[in-house]
Every structure is written in structure tokens, then in C-alpha cells.
Amino acid sequence: MPSTKQACDGLVRRVGYDPGRTKEVARALTEAQILPAGSPGVSPDLSPQHVATLMLGVAVDAPLRAVADTVREYRALRREGVPQGAPASISVTAGEQLDIIAEIAASGTPDAKALVAKTIIAVVSNWQEIALTDTIDVRRFSAGEPGRWQAYGHRKSVEINGGAFVDVIAELFAGDN
């Protein structure tokens, strides 16, 4: 299992994140107990899902003091138009979907990994939304009324290439398969 430092280095190298920001976001998420802390002299072991959470934390445009709460909010986003209390088969959250993508990237078949690598992950910062675009459709996870914020102003987002994310996961978890 990789350490937080290895995950940060992989995201910086493959996704193109700023090294200082990535390290500070990892620290903030660890202090908020979203990422594991490890113990004195022992690095924490991260899962693919933790790496996906770190990737999301660096992508959100929030001050460091608010990163942990913002990550929790983004991970809890629901698909557009799906009400609270909907059947589990259709009410997956954005965090659960990112966890599935991370698991496929870590231990999926080569064909499944190739499909995940074609996904574009867009994290919109001027309204809470995550859009996952692949070869089949666009899955939008957002807060509030569908389409409300899009009518006002421009869309400010960070887009993450799924291929780069798959490469990070493959690099970090190569010996775990």
C-alpha cells in the first residue's frame, strides 16, 4: 500500500497538480480524518479510494481551511434529478462513483481499465458539481436544482484526464494485484 507522500508525488507527476498545494491538501484531509493518519514512524497506507479523495481535494477550488468540508460535500453530491430516498440502484453519490472508478483502475480487467481511462472528471468550483464524461454518457452529480446555476455566469472547472488517474493508481498499486 502506498503512503500519502507517494500518492501526492504520483498526482503531481501524472495529473499535473501543484506540489505545494497537493501536500497541504493531503495534510488538511489527514487532520480531518478523511485520509488515514498512520502512527509515529509509520506512514499511513492508502487505498485507491483514498487516492481518489485526495485527487478530488486538490481539484476543488476551496481555501485550505475549508477543503475537508468541501470534499465531504462534493462526495455526497447526488445525480441530477435523483431525489433523496430514491432506490439504491439509482442513488449513487459522486464519492461512491469516484470510489468505483478508483477500484476499477486498481484491480479491474484491462478492458475495464481502458474504459475508465477514457473518462474525463470535471470538478466545477463555482457551483457544486462533478461531471463524469465517458464514451457512453455524461453523469452529473450536483447540489440544488438541476440547471439553475448553469444559467448564470461561466462554468469554472478543473478537468482531470481519466487516463492520468488510471496511471497514478497503476503506479501506486502495481504490486497489489
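The coordinates are above.
Summary of the structure given here. The structure presented is a predicted model; accordingly, all values stated were derived computationally and were not measured. (Residues numbered from 1 in each chain as written. Predicted model: local features only at pLDDT ≥ 70, side-chain atom pairs only at ≥ 80, totals over all residues. Heavy atoms only, no water.)

For the rest of this paragraph, the subject is helix α4 (residues 67–75). Burial in α4 covers these residues: Val67, Ala68, Thr70, Val71, Tyr74 and Arg75. Each buried residue of α4 lies within a common arc of 165° when the element is viewed along its axis, so the set occupies one face. If you follow the buried residues of α4, they end up packed against α2 (19–31), α3 (48–59), α5 (94–107), β2 (120–124) and β3 (129–133). (Buried < 20%, exposed > 50% of the residue type's maximum accessible area, 1.4 Å probe, protein only. Helix = DSSP H or I, 4+ residues; strand = E, 2+ residues; numbered from the N terminus. Arc of directions from axis to C-beta. Contact = heavy atoms within 4.5 Å.)

For the rest of this paragraph, the subject is helix α1 (residues 4–15). Taking 1.5 Å per residue, twelve residues should reach 16 Å; α1 reaches 16 Å between its end C-alpha atoms and fits that length. Listed as buried for α1 are Thr4, Ala7, Cys8, Gly10 and Leu11. The buried residues of α1 all sit within an arc of 165° when viewed along its axis, so they share a single face. Across α1 from its buried face, at more than 90 degrees, point the exposed residues Lys5 and Arg13. Where α1 is buried, its residues contact α2, α3 and α7 (162–172). Positioned one or two residues after α1, Gly16 has a phi angle of 95°, which is positive. (Expected span 1.5 Å × (residues − 1).)

Spatially, the five strands line up as an open sheet ordered β1-β4-β3-β2-β5, and their pairing is antiparallel. Either end of the sheet is taken by a strand with one partner, and the two such strands are β1 (78–79) and β5 (157–161). (Pairing = 2+ DSSP bridges.)

Counting 44 residues, the largest nonpolar core has Leu29, Leu54 and Ile130 as its most contacted members. Put simply, the parts of the chain that give this core at least two residues each are α1, α2, α3, α4, α5, β2, β3 and α7. Take this core: its biggest share by element is seven residues, from α3. Those residues in contact with Ile130 that sit more than four places away from it in its chain are Leu56, Tyr74, Leu77, Ala94, Leu98, Ile121, Ala122, Arg139, Arg140 and Phe141. (Core = buried A, V, L, I, M, F, W, Y, C linked by side-chain atoms within 4.5 Å.)

Our focus in this paragraph is the packing of aromatic side chains. The relative placement of two aromatic rings is captured by the distance of their centres and the angle of their planes. Taken as a whole and judged by the stated rule, the model has zero aromatic pairs. In this arrangement the basic side chain of Arg79 is found over the ring face of Phe141, its NZ or CZ atom lying 5.9 Å from the centre. (Phe/Tyr/Trp six-rings, centres within 6.5 Å; stacked < 30°, edge-to-face > 60°. Lys NZ or Arg CZ within 6 Å of the ring centre and 35° of its normal.)

All right, on to the environment of Ala122 then. Relative to the assigned elements, Ala122 resides in strand β2. The class of Ala122 is buried, set by a relative accessible area of 5%. C-alpha separation for the pair Ala122 and Glu159, spaced 37 residues apart in sequence, amounts to 4.3 Å. When near neighbours in sequence (up to four residues on either side) are disregarded, Ala122 contacts Glu129, Ile130, Ala131, Arg155, Val158 and Glu159.

Time to look at the pattern of salt bridges. Enumeration over the complete set of coordinates arrives at eleven salt bridges. With a shortest N-O distance of 2.2 Å, Glu171 and Arg13 are connected by a salt bridge. Of this pair, Glu171 sits in helix α7 while Arg13 sits in helix α1, and the two are 158 residues apart along the sequence. Under the relative-accessibility criterion, Glu171 is labelled partly exposed at 32%. Residue Arg139 pairs with Asp134 through a salt bridge whose shortest N-O separation is 2.7 Å. There is no split in this pair, since Arg139 and Asp134 are both buried. A single salt-bridge network, built from bridges that share partners, covers Arg13, Arg14, Asp167 and Glu171. (Salt bridge = Lys/Arg side-chain N within 4 Å of Asp/Glu carboxyl O.)

Time to look at the side chain of Asp134. Examined against the element boundaries, Asp134 turns out to sit in the loop between β3 and β4 (138–142). Here Arg139 takes part through its side chain, which lies 2.7 Å from a polar atom of the side chain of Asp134. Not counting residues within four places of it along the chain, the set of residues in contact with Asp134 comprises Lys118, Thr119 and Arg139. (Polar contact = N/O pair within 3.5 Å; in protein donor to acceptor, adjacent residues only side chain to side chain.)

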